[in-house]
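Understanding the architecture of this molecule
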Amino acid sequence: MNGNKPSEMNATLTTCPYCGTGCNFYLLSGSDGRLSGVEPAAKHIVSKGRLCMKGWNAHAFVHHPDRLSTPQLKRDGALQDCDWDTALATVHQRLQAIADRHGPDSLMFFSSAKVSNEENYLMMKLARAGFSTNNVDHCARLCHSSTVVGLAETLGSGAMTNTLDCFDHTDLVFVIGSNTTEQHPLIGGRILQALRHDTKLLVADSRKIRLAQHANIHLRHHNGSDVALINGMMRQILVDGLEDRDFIARRTENFDALRDSLEPFTPEYVAAITGLEPQQIIDATRLYAGADNAMIVFAMGITQHSHGVDNVRALSNLALMTGNLGRPGTGINPLRGQNNVQGACDMGALPNVYTGYQQVADPQARLKFSTAWGKELPETPGLMATHAIEAAAAGSVRGMLIMGENPMLSEPNQTLVRKALENLDFLAVIDIFPTETAQLADVVLPAACYAERDGTYTSTERRVQRGRQAVETPGDARADWRILCDLLQRCGIKANYESPAQIMDEITTLTPSYGGISYQRLEGGHGLQWPCPDADHPGTPILHQEQCTRGKGRFSPTRYRPPKELPDEKYPLLLNTGRTAVHWHTGTMTRRSHLLHREEPHAFAEVNPQDAGQLQICDRQLIRVSSRRGSIQLKARLTERVPAGQIFIPFHFAEGAANVLTNNALDPESGIPEFKVCAVRVEPC
Ligand SMILES: Nc1nc2c(c(=O)[nH]1)N[C@H]1C(S)=C(S)[C@@H](COP(=O)(O)OP(=O)(O)OC[C@H]3O[C@@H](n4cnc5c(=O)[nH]c(N)nc54)[C@H](O)[C@@H]3O)O[C@H]1N2
Ligand SMILES: Nc1nc2c(c(=O)[nH]1)N[C@H]1C(S)=C(S)[C@@H](COP(=O)(O)OP(=O)(O)OC[C@H]3O[C@@H](n4cnc5c(=O)[nH]c(N)nc54)[C@H](O)[C@@H]3O)O[C@H]1N2
Ligand code: SF4
Ligand SMILES: [Mo]
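Below is a summary of the structure that appears in this document. (Residues numbered from 1 in each chain as written. Chains lettered and ligands numbered in written order. Predicted model: local features only at pLDDT ≥ 70, side-chain atom pairs only at ≥ 80, totals over all residues. Heavy atoms only, no water.)

**Notes on the overall build of the protein**
Assigned secondary structure in the protein consists of 24 helices and 28 strands. By the compact-globule yardstick of 26 Å for 685 residues, the protein fits well, its C-alpha radius of gyration being 24 Å. Looking at the protein residue by residue over its 685 residues, the buried ones come to 65%. Across the protein, contacts joining residues at least 24 apart in sequence account for 73% of those joining residues at least 6 apart. (Helix = DSSP H or I, 4+ residues; strand = E, 2+ residues; numbered from the N terminus. Rg over C-alpha atoms; globule rule 2.2 N^0.38 Å. Buried < 20%, exposed > 50% of the residue type's maximum accessible area, 1.4 Å probe, protein only. Contact = heavy atoms within 4.5 Å.)

**Here we look at the site of ligand 2**
In the vicinity of ligand 2 there are 35 residues, among which Ser410, Asp431, Arg453, Thr586 and Asn659 approach most closely. At a separation of 2.9 Å, an oxygen atom of ligand 2 approaches a polar side-chain atom of His585. Coverage of ligand 2 by the protein amounts to 99% of the 920 Å² it exposes when considered alone. Residue assignment for the shell around ligand 2 shows that the elements contributing at least two residues are β15 (426-431) and β21 (573-578). (Near = heavy atom within 4 Å. Polar contact = N/O pair within 3.5 Å; in protein donor to acceptor, adjacent residues only side chain to side chain. Areas by Shrake-Rupley, 256 points an atom, 1.4 Å probe, with all protein chains shown as cover.)

**Observations concerning helix α16 (residues 363-373)**
Within α16, the full set of buried residues consists of Ala365, Arg366, Phe369, Ser370 and Trp373. When α16 is viewed along its axis, its buried side chains cluster within an angular range of 125 degrees and face the same direction. Opposite its buried face, α16 presents the exposed residues Pro363, Gln364, Leu367 and Thr371, each directed more than 90 degrees away. Contacts made by the buried residues of α16 are with α3 (117-130) and α21 (500-510). The N-terminus of α16 is capped by Asp362, whose side-chain oxygen sits 3.0 Å from the backbone nitrogen of Gln364. Remark: Gly374 follows α16 within two positions and exhibits a positive phi of approximately 65 degrees. (Arc of directions from axis to C-beta.)

**Remarks on the site of ligand 1**
Among the 34 residues in the neighbourhood of ligand 1, the closest are listed as Gln183, Asp205, Gly224, Arg579 and His583. The separation between a nitrogen atom of ligand 1 and a polar main-chain atom of Gln183 is 2.7 Å. In this structure, Ala581 approaches ligand 1 through a main-chain N or O atom, which is 2.9 Å from a nitrogen atom. Starting from 920 Å² of accessible surface for ligand 1 in isolation, the protein chains cover 99%. Looking at the shell around ligand 1, the elements that each hand over two or more residues are α5 (180-183), α13 (300-303) and β21. Tallied by class, residues from the shell around ligand 1 come to nine nonpolar, 18 polar and seven charged. The residue makeup of the shell around ligand 1 includes at least three contributed by each of domain 3 (161-335) and domain 4 (573-684). (Nonpolar A, V, L, I, M, F, W, Y, C, P; charged D, E, K, R; others polar. Domains from an automatic or database assignment.)

**A look at the environment of Gly587**
Topologically, Gly587 is positioned in the loop between β21 and α23 (594-599). Judged by relative accessible area, Gly587 falls into the buried class, the value being 4%. Setting aside anything within four residues of it in sequence, one finds Gly587 in contact with Arg592 and His652.

**A closer look at the pattern of salt bridges**
The full count for this structure, using the stated rule, is 37 salt bridges. Between Glu523 and Arg468 there is a salt bridge, and its shortest N-O distance comes to 3.4 Å. Separated by 55 residues along the polypeptide, Glu523 in helix α22 (residues 519-523) and Arg468 in the loop between β18 (463-467) and α20 (480-490) bring together distant segments of the chain. Among the residues examined, Arg468 registers a relative accessible area of 12% and is labelled buried. We note a salt bridge from Glu606 to Arg641, for which the minimum N-O separation is 2.8 Å. Remark: Arg641 occurs in the loop between β24 (630-638) and β25 (646-650) and Glu606 occurs in strand β22 (residues 604-607); sequence separation between them is 35 residues. The exposure class assigned to Arg641 is buried, which follows from its relative accessible area of 18%. (Salt bridge = Lys/Arg side-chain N within 4 Å of Asp/Glu carboxyl O.)

Below, the structure written as structure tokens:
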């Protein structure tokens, strides 16, 4: 079994709805049908009886009075309650009418990393079979889309190569662009624990994050200069002869092209770009390459750049060059953010693939899915979420169905996003709270939250686990899968599933990497890590062991390109955006959780005291931050955590929304926005 059951009568084992770490806990509920708290699962393989603050408070938003409980339809400019049949018929008819008039590709479907695998599968089926478009995507576009492209090219699979247990067996962890202790707290905790047994730590982040205080070396290079840094490290590895020649010869290709591309990246040249000292680059190189087994851990500091794919390629090259792949305690490990962002990608809630990364452009894959679904399927890959926003602003996308995302606060350049959503002929939103996006909708459908339905979720280490229903939905709210089944049926696609388990049975027949997964097998044990091709397969903790998914690991040379908008005279500071430990993204859930809200009630900006002195700003003072795209007001928090010349704003707060300021410059290959760098001006209010 998964853990020790606490003594309460109603204790439902489930998977945490927040981050991709995949912790399990029991939801405690009383005879009144309400949740009273959370109890950790003592023996769970990932959480081992621990939880972070968000996990401990995961019950707190579930019964909040703001929960949506009735479908709503916009009449005379205001959302008004209506019945389900009216709401669902309106969604179906309005989307179909737009498709009939302007073509299926004038529609866009946003799926969600907050909902289950089964629900993501149904959403992409609805877009492709129901409405004949591949225009389906989700927040992975804003998150690890650059990882998926970069790692698929170099290794053949975009997922985390190793497993969380590997932190117990490694000699060095290289954390680059991940604030692990705050954003994946139980993984951050494991890294700290590993340091007790002589594991070394290298951190590369301009901010003095908690892990930096424990690091053997902390590199505070400029945001956006990682390609130069990593190329410089690789060049130094070759100068020092620290590369793994045997691994390079046996398991890789294209090494000569990589070696040639590294020539310009001398320590002095890299120092000039990164703001580091040449010796720091040499020391960091020797620390990483001197370890027998080294794990690279990365997140948004690497991915969210107009050169995000190049950042990922460079890290992959570094792991391949040193032979750090396919063994315990090694690898290149993107920490996936949302509880089910790995699953949403695996389920094909992406514009170019069906489940298990089977390409929509591949005629055989298309035939397989169209046979299973009884419908001709479109062959051209669809729009990415970020491109769909641009297309809506330009008028070529005219109808959207958004499930479990809040793009008004999460996409870059809010003015553009508002223009895009207001420009639509029809917008439907499925959510659990009245979000900023739902306010703009023509129809709002109230969904069940994680505690009110069954499903499976895939964590960052590719572990597929169960979520279980503990309480009933509020009012008339319905599970996302039920809503999607209804819409599928209205589109003439058979969808009479009785349970999420039946949906999973369909997924597994179509998806080789999930082939051996079933609700029955997920009942005991600790979930299953894909690839898990058949019913007897134990799952795969470590990828690329004998060979890479694509065969040979491919070195992919990169050249340094600066961010699209750097500080200048008019906007002299660099804006870095991200998160805090207690709040979740657009705040819909954590700002409605009493204890979490109490920890961080206000929008704030981290400002270095040196800059504050020059700007004559004191701690907690209200400031105005402006970029070329807009202006917000929020409190200054004076801290050495950010270097001089940089401010950091978390994007959780609607009243001081970081994405009013951010730049919608996109990576040309992955479509990810440059959330981590733009230019701003700060003034006291
Ligand atoms: N509490 C909480 N936890 C979360 C989330 C949340 O909202 N709240 N969100 C989840 C999600 S979806 C995700 S994707 C993850 C994100 O997890 P993280 O990526 O760890 O979080 P961020 O705060 O976005 O950014 C991480 C770090 O990148 C650094 N950074 C910025 N620019 C650069 C750069 O150019 N190079 C380098 N090397 N570093 C840079 C920042 O200074 C920051 O410390 O967190 C997940 N966990
Ligand atoms: N400036 C800046 N912007 C960023 C980032 C950054 O670092 N800086 N990071 C980006 C990243 S990595 C990410 S992942 C995105 C996240 O962007 P979003 O996914 O848009 O943000 P969330 O607030 O997580 O939105 C999830 C929505 O799902 C709803 N929800 C929760 N559970 C359920 C459910 O069971 N069913 C349904 N139907 N709805 C549910 C919530 O109420 C919420 O409205 O933000 C991106 N935006
Ligand atoms: S580390 Fe992530 S999965 Fe674990 S309790 Fe915290 S938010 Fe939940
Ligand atoms: Mo994310």
